[in-house]
Amino acid sequence: MFKKEFDLFGIILGLIIGCVLGYFVFSQIQIEDKSEDKVVISEEIHGTIYSIQLGNSTNVSSLDLITNRLDVLGIYYQIYQEADKYYIFNSIYDNLEKAQTQKQIMESYGFNVTIRSDYILDLPNTLISSTDEYNFYCEAINNLLNSLKEEEIIISEIYYTNPVNIEIFSNLTVLKKIKKNEIKSNYQIDTFCLLLNKLK
């Protein structure tokens, strides 16, 4: 009889110790998992443009309500067509934080705002067989990104005599010289839409 009680006591003691150890091991695993969840990668990818999108539709006239309101408020915008959809862009940024700030400003006017991201460094790859065009658009994209970062725009001499795309070249020459941020922002969004129209 004493031996049976001892075996029962050993089994109960083993279960208690196992539960306690299991609890501690499990809670350690949960703590480690939670700390891994807190790791946030905030590194921005060079070549990504964040655009403030105020609306989209398959019918451009259905965007009139938004564009009329933007006109009344004196807010610049650009309509961009991609496939069968039209998008209204307000501004572009090389930094998500700046885009989120602008999103809040536009939301305060009552607009539904989406931040769209486009990686643009690989857009000229469709023109790789045409060296002149490929080089021009690579330089144009890098200059647009430099403009967004408020870095110097460098236009190759060859494009002053032989611009591949006169509109984009003209915009870049204005961006190179312009100092007023509002005008610069308008030319940046224009250049972005011209690049998308040509390369996407």
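Relevant structure appears above.
Note that the coordinates shown come from a computational prediction; the quantities given were computed from them, not determined experimentally. (Residues numbered from 1 in each chain as written. Predicted model: local features only at pLDDT ≥ 70, side-chain atom pairs only at ≥ 80, totals over all residues. Heavy atoms only, no water.)

Peer 1: Which residues make up the environment of N142, and what are the values?
Peer 2: Here N142 shows up in helix α4 (residues 131-148). The class for N142 is partly exposed, based on a relative accessible area of 36%. Each C-alpha atom, one on N142 and one on I153, is 8.4 Å from the other, the two residues being 11 residues apart in sequence. (Helix = DSSP H or I, 4+ residues; strand = E, 2+ residues; numbered from the N terminus. Buried < 20%, exposed > 50% of the residue type's maximum accessible area, 1.4 Å probe, protein only.)

Peer 1: Explain the environment of E82 residue by residue, including any values.
Peer 2: Tracing the backbone shows E82 in strand β2 (residues 78-82). Looking at E82, the relative accessible area reads 24%, which means it is partly exposed. Sequence spacing of E82 and N197 is 115 residues, and the spatial spacing of their C-alpha atoms is 7.6 Å. When sequence neighbours within four positions are dropped, the list of residues in contact with E82 reads Y87, R116 and K200. (Contact = heavy atoms within 4.5 Å.)

Peer 1: Pulling in residues and values, what's your account of unusual backbone geometry?
Peer 2: The backbone of A83 sits at a positive phi, close to 55°, despite the residue not being glycine. Inspection of the secondary structure assignment puts A83 in the loop between β2 and β3 (85-93). The exposure class assigned to A83 is exposed, which follows from its relative accessible area of 67%. Here the phi dihedral of E150 falls at roughly 60°; this positive angle occurs in a residue that is not glycine. Along the polypeptide, E150 turns up in the loop between α4 and α5 (158-161). Overall, the relative accessible area of 62% leaves E150 in the exposed class.

Peer 1: Please give an account of the sheet that holds β3 that cites residues and values.
Peer 2: Reading across from one edge, β2-β3-β1-β4 is the order of the four strands in this open sheet, with antiparallel pairing throughout. The strands lining the two open edges of the sheet, one partner per strand, are β2 and β4 (114-119). The sheet shows a mean angle of 45° between the axes of neighbouring strands, direction not considered. Taken together, the six bridges between strand β1 (residues 48-57) and β4 define a ladder with antiparallel strand orientation. Across the sheet, T48 pairs through a bridge with Y119, a residue of β4. Those strands touched by helix α7 (residues 181-199) are β1, β2, β3 and β4, and its axis lies near 135° from that of β3. (Pairing = 2+ DSSP bridges. Axes fitted to C-alpha atoms, helices over the stretch in contact; angles between N-to-C directions.)

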